[in-house]
Amino acid sequence: MKEYNFKEIEKKWKDFFASQKFVENPSKKNFYLLEMFPYPSGALHMGHMRNYTIGDTYKRFLEMNGYNVIYPMGYDAFGLPAENAAIKSGVDPRKWTFSNIEKMMSQQKQMGLSYQWDRVIITCEENYYRWNQWFFLKFLEKGLAYRKKAPINWCPSCKTVLANEQVHNGKCWRCEAEVEIKSLEQWFLKITSYAEELLNDIETLDWPERVKLQQKNWLGKSEGVRIKFPLETEGFVEVFTTRPDTLWGATFMAISCNHPVLEKIAENQKEEIENLKKIALTQSEEEKEKHGVKLSVKAINPVTGEKIPIFAANFVLMEYGTGAIMCVPAHDKRDFAFAKKYNLPVRVVINPPGENLNPEKMQEAYVEEGIIVNSGKFNGKNSKEAISEIIDFLEEKKLGRREIQWKLRDWLISRQRYWGTPIPVVYCEKCGIVPVPENELPVKLPQNVRFTGSGNPLEKCQEFVNTKCPKCSSPAKRETDTLDTFFDSSWYFLRYLDSKNENLPFDPKIANKYMPVDQYIGGIEHATMHLIYARFFTKVLRDLGLLKTGEPFKKLLCQGMVIKDGAKMSKSKGNVVSVDDILENYGADAGRLFILFASPPERDLEWSDEGIKGCVRFLNRFWQLVQFAFSDEKGEKLPQKEKDLLKLNLSRTIKKVKDDLKNFQFNTAIAAIQELLNFVQKLKNLYSNFEELKETSKILVQLLHPFAPFITMELAQSFEIPLNKFPEYDEKIIKSSQKEVVIQVNGKLRGKIFANESESKDDLLKKALEKEKIKKFITGEIVKTVYIPGKILNIVVKY
RNA sequence: GGGGGAGUGUCGGAACUGGUAUACGAAGCGGACUUAAAAUCCGCUGCCCGAAAGGGAUUGAGGGUUCGAAUCCCUCCUCCCCCA
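Residues numbered from 1 in each chain as written. Chains lettered and ligands numbered in written order. Predicted model: local features only at pLDDT ≥ 70, side-chain atom pairs only at ≥ 80, totals over all residues. Heavy atoms only, no water.

A closer look at the overall build of chain A
From N to C terminus, chain A includes 26 helices and 34 strands. Taking the principal axes of its C-alpha atoms as reference, chain A extends roughly 105 × 85 × 50 Å. The buried share among the 799 residues of chain A stands at 53%. Across chain A, contacts joining residues at least 24 apart in sequence account for 72% of those joining residues at least 6 apart. Looking at chain A, you have 119 positive and 107 negative side-chain charges, and the mean spots of the two groups are 2 Å apart. (Helix = DSSP H or I, 4+ residues; strand = E, 2+ residues; numbered from the N terminus. Buried < 20%, exposed > 50% of the residue type's maximum accessible area, 1.4 Å probe, protein only. Contact = heavy atoms within 4.5 Å. Lys, Arg positive; Asp, Glu negative; His and termini not counted. Charge placed at Lys NZ, Arg CZ, Asp CG, Glu CD.)

Rendered as structure tokens:
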């Protein structure tokens, strides 16, 4: 008998799996299955392996159930690591990236992933990023892209811009110099104009609740009111608040140190305010202490008529709301702390139910809802319920108006980096900002640049920077910023569908046929950024007439992390398991099987070397059994009872595996197959090569195929087992089978009786009472019996 | 600080809609094969009492609803993730 040699088998079939093409059978339904494409950082890690194993298993299952499945793969190839490698070791980012892609692709092929490789896209290739530029121009035309000043992290020693994650405790990650905040003109996309729609459409998505919630929080819609506070001199300052129920308790006001009103009312305090600005810039939100400069001019609380002090404060942002807030120390934590520090009055306007707060004795702000006091005609009302009434009152008196605020900011897409999509605009002294005409795309990334680690290499590349104005042909300069790589990943799923199109990013007819993506699989870390940007992009493309759908991903599965020794795998912890080692030592089938078996997909997966050995053992037993079934070995006849039981178990297992796979419950599906194998093996030990063993093995091979494609493919070829259809089960056999009914006395297990589901309660009770083991617990009068057919009979006895 | 998720044997994890808690796998123990080991195969294996038959307690802690709770409700504890 042939031994199971995974190396030989996997080598034999990997190219076959990698050469699969999408064949559209019009009588079958289409299904678009998508996995998040990787950043080509070097080699696959276990998180990738988990993501793709889930996808490929599901894809094979769908195909066996009669779907045409679109299953593409690509590489998110622009980004910082390539550029950092160039700075560090002088390698060309392009070469670095492509050699990583080659490595990762070969690993993916070794895993047996059956991607349609003819669709592959690599975002750093011209035929991809030119369409980024094309989209940028469309955004510009539609008024959805604009320039404005925005703060960036600047390392004065490396002379470069840093991403947030490259700033560690206010210092540059590479040279540890203090990071400065600089203000630069940068490009933004107006994602905020889609905020309302992005929020409303969340309801239509079949996504995990926690991701939907994270998106809602990220968008951060708050309904409130804009209130005018007159100044004692002249003019007014507007504040935005979601808590107008506390307006009567506003005893001071805080405004941003960049607030324009300061020009008028704080001329004599300029120096103090400048000092405050410095604190605001250098400290991160977390460690920032609340500082304020008391202004000489006071404001008037519009409902109490009281004069209240104004502070320029470092914790009020000009970007959010109106750049000014009303402060209610009694009912807001931050205001309370500030009031204590500067010795400001605290006035209670909301009492907890059944209690009267004493402002002098309060240790902390009372932020909950309660009963309104000290607020004129609203006294005695519930604070939360009264909010809307109070806003009506303010609108009526022309003191304020209803307003909606969002936490969502416009999307900053400028990166002062080389390795990204050049933003296709030109700066001309005469014409200003001029978009590069469509027919001149792509604006190519120059190849001969130097990476010094200081500044953006594009700025120093003269043949790139110097150009002619497309409008007036006078000398002009190119934009040297490149696009955020989230731009690339916001539409890649559309390019897959028509990856070779030379005239358009994709043909709308083709996209409309397959969009939206039916199932998207990826990590939870993308719950906000990528998944919001892609949704936004899709809506814009819909409004450009390129797409019918406004939502890209119908269903989403977020897989958990792969951990080892209780911690996330990372180089610094030294607990990284290499994908190459797994494939080399245990094989792709065993690796896939273990990943799916060890934990349900959405939960974290604890890696275990012992665990994967268990999967190797299972595959070995599986191989041996099927080989034996198709050998010349003779067997005995199965007794009728065993025959029936085998039939029942087959149907039950097929049903369970099918149902579980539909719900991504791979772990229990595999357990069911193992259970079946254990059962069949016991029959084999007793009856050797019994007649039904061949048919049973065939079903086992078919059931296991989506999980372990190599071993099953090899067996299928040897013994002519079709793998194009998922096996079928007989519902009748499952329904009519006898079930073990549990007999309880007062809720405690006292015995078991086999019975049909049609068995009557009285008959079963009679049978139960005949049993000595059960009878002895009936020590009093039977008050009640509860019978769930096929499950339990509970006899309730009174003592 | 805000939001979310999770606590079940020695470990990873099962348990349908409230209905046999611990499926499946790992580890452990015993046996077979072997000169020996590994591999493989067979059997046992959550805890307490008991020689056994059997019985009792048990799903982070405490309480409640119910004939019946890992599952539903309340209070509390611990861990993880995301956002700030």
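There is more to say, and it comes next.
Here's the deal with the domain arrangement of chain A
What the domain assignment lists for chain A is domain 1 (6–123 + 489–559), domain 2 (137–164 + 185–190 + 412–485), domain 3 (222–405), domain 4 (567–732) and domain 5 (738–798). Distance between the C-alpha centres of domain 3 and domain 4: 65 Å. (Domains from an automatic or database assignment.)

Digging into the pattern of salt bridges
According to the stated counting rule, one finds 36 salt bridges in the structure shown. Measuring nitrogen to oxygen at the nearest pair gives 3.7 Å for the salt bridge that ties Lys 212 to Glu 209. Of this pair, Lys 212 and Glu 209 are both found in helix α7 (residues 209–219), 3 residues apart, which corresponds to roughly one turn of the helix. The exposure class assigned to Lys 212 is buried, which follows from its relative accessible area of 7%. Salt bridges sharing partners connect three or more residues here, namely Glu 197, Asp 201, Arg 535, Lys 539, Arg 542, Asp 543 and Glu 551. (Salt bridge = Lys/Arg side-chain N within 4 Å of Asp/Glu carboxyl O.)

Some words on helix α22 (residues 693–704)
When the terminal C-alpha atoms of α22 are compared, their 16 Å separation across 12 residues agrees well with the 16 Å that a helix rising 1.5 Å per residue should span. Most of α22 is tucked away: 9 of the 12 residues are buried. Taken together, the buried positions of α22 are occupied by Leu 693, Thr 696, Ser 697, Ile 699, Leu 700, Val 701, Gln 702, Leu 703 and Leu 704. Each element contacted by the buried residues of α22 is listed here: α2 (46–64), α18 (588–597), α19 (609–629), α20 (640–662), α21 (666–687) and α23 (709–719). (Expected span 1.5 Å × (residues − 1).)

Details of the protein's contact with RNA strand B
As a structural note, the neighbourhood of RNA strand B is formed by 38 residues, with Ala 598, Arg 617, Gln 674, Ile 792 and Asn 794 the closest of them. For RNA strand B, the fraction of atoms within 4 Å of the protein that belong to sugar or phosphate moieties is 73%. Here a phosphate oxygen of RNA strand B and a side-chain polar atom of Glu 610 are 3.4 Å apart. Between Glu 675 and RNA strand B, the recorded distance is 3.1 Å, taken from a side-chain N or O atom to a sugar or linking oxygen. Put simply, the parts of the chain that give the surface near RNA strand B at least two residues each are α7, α19, α21, β31 (739–745), β32 (748–755), β33 (781–788) and β34 (792–798). Looking at the surface near RNA strand B element by element, the count peaks at 8 residues for α21. Partitioning the surface near RNA strand B into residue classes produces 12 nonpolar, 10 polar and 16 charged. (Near = heavy atom within 4 Å. Polar contact = N/O pair within 3.5 Å; in protein donor to acceptor, adjacent residues only side chain to side chain. Nonpolar A, V, L, I, M, F, W, Y, C, P; charged D, E, K, R; others polar.)

Considering the packing of aromatic side chains
The tally for this structure, following the rule as stated, stands at 50 aromatic pairs. On the numbers, 6.1 Å between centres and 85° between planes, the contact of Phe 22 with Tyr 514 is edge-to-face. Taken together, the residues span a long stretch of sequence, with Phe 22 in the loop between α1 (6–18) and β1 (29–35) and Tyr 514 in helix α15 (residues 508–514) at a distance of 492 residues. Exposure class is identical for Phe 22 and Tyr 514. Each is buried. Centre to centre, the rings of Phe 139 and Phe 537 are 5.1 Å apart; their planes meet at 50°, and the pair counts as tilted. Of the two residues, Phe 139 is situated in helix α5 (residues 126–141) and Phe 537 in helix α16 (residues 529–543); the sequence distance between them amounts to 398 residues. In terms of burial, Phe 139 and Phe 537 fall into one category: buried. (Phe/Tyr/Trp six-rings, centres within 6.5 Å; stacked < 30°, edge-to-face > 60°.)

Here's the deal with the side chain of Gln 559
Structurally, Gln 559 can be placed in strand β27 (residues 556–559). At a separation of 3.4 Å, a polar atom in the side chain of Gln 559 contacts the main-chain carbonyl oxygen of Gly 47. With sequence-adjacent residues up to four places away left out, Gln 559 is seen in contact with Gly 47, Arg 50, Asn 51, Ile 54, Ile 521, Gly 522, Gly 523, Ile 524, Pro 601 and Glu 602.

Remarks on the state of the cysteines
With the rule as written, the count across this model stands at 0 disulfides. With no disulfide partner, Cys 124 has as its closest neighbouring cysteine sulfur the one in Cys 461, 18 Å distant. Assessed through its relative accessible area of 0%, Cys 124 is described here as buried. (Disulfide = S-S within 2.5 Å.)

Considering the packing of α7 against α16
Where α7 meets α16, the closest approach of the two axes is 10 Å, and the angle between their N-to-C directions is 75°. Regarding the angle of α7 to α16, the classification is roughly perpendicular. From α7, Val 211, Gln 215, Trp 218 and Leu 219 reach across to α16, where they touch Met 529, Leu 531, Ile 532 and Arg 535. (Axes fitted to C-alpha atoms, helices over the stretch in contact; angles between N-to-C directions. Parallel < 35°, antiparallel > 145°, perpendicular 65-115°, else oblique.)

Comments concerning the nonpolar core
The biggest cluster of nonpolar side chains holds 181 residues, and the ones touching the most others in it are Phe 136 and Phe 707. Residue contributions to this core peak at 11 residues, all from α21. If we skip the residues at most four places from it in the chain, Phe 136 touches Ala 145, Trp 187, Ile 413, Ile 423, Pro 424, Val 425, Leu 483 and Phe 487. (Core = buried A, V, L, I, M, F, W, Y, C linked by side-chain atoms within 4.5 Å.)

Some remarks on the side chain of Asp 56
Mapping Asp 56 onto the fold places it in helix α2. Of note is the side chain of Asp 56, whose polar atom sits 2.7 Å from the side chain of Ser 114. Those residues in contact with Asp 56, other than ones at most four positions away along the chain, are Glu 35, Tyr 71, Gly 112, Leu 113, Ser 114 and Arg 592.

Looking at the sheet that holds strand β26 (residues 519–523)
Read across the sheet, 4 strands follow the order β2-β1-β26-β27 without closing on themselves; strand pairing throughout is parallel. Edge positions in the sheet fall to β2 (67–70) and β27, since each has one partner strand and no second. Adjacent strand axes in the sheet meet at a mean angle of 20° when their direction is disregarded. (Pairing = 2+ DSSP bridges.)

Structural notes on the sheet that holds strand β21 (residues 425–428)
Spatially, the 4 strands line up as an open sheet ordered β22-β21-β24-β23, and their pairing is antiparallel. Either end of the sheet is taken by a strand with one partner, and the two such strands are β22 (432–435) and β23 (466–468). Strand-to-strand, the axes of this sheet are offset by a mean angle of 45°, without reference to chain direction. Looking at chain direction, β23 and strand β24 (residues 475–478) are connected through 3 bridges and run antiparallel. Looking across to β24, one finds that Asn 466 is bridged to Lys 477.

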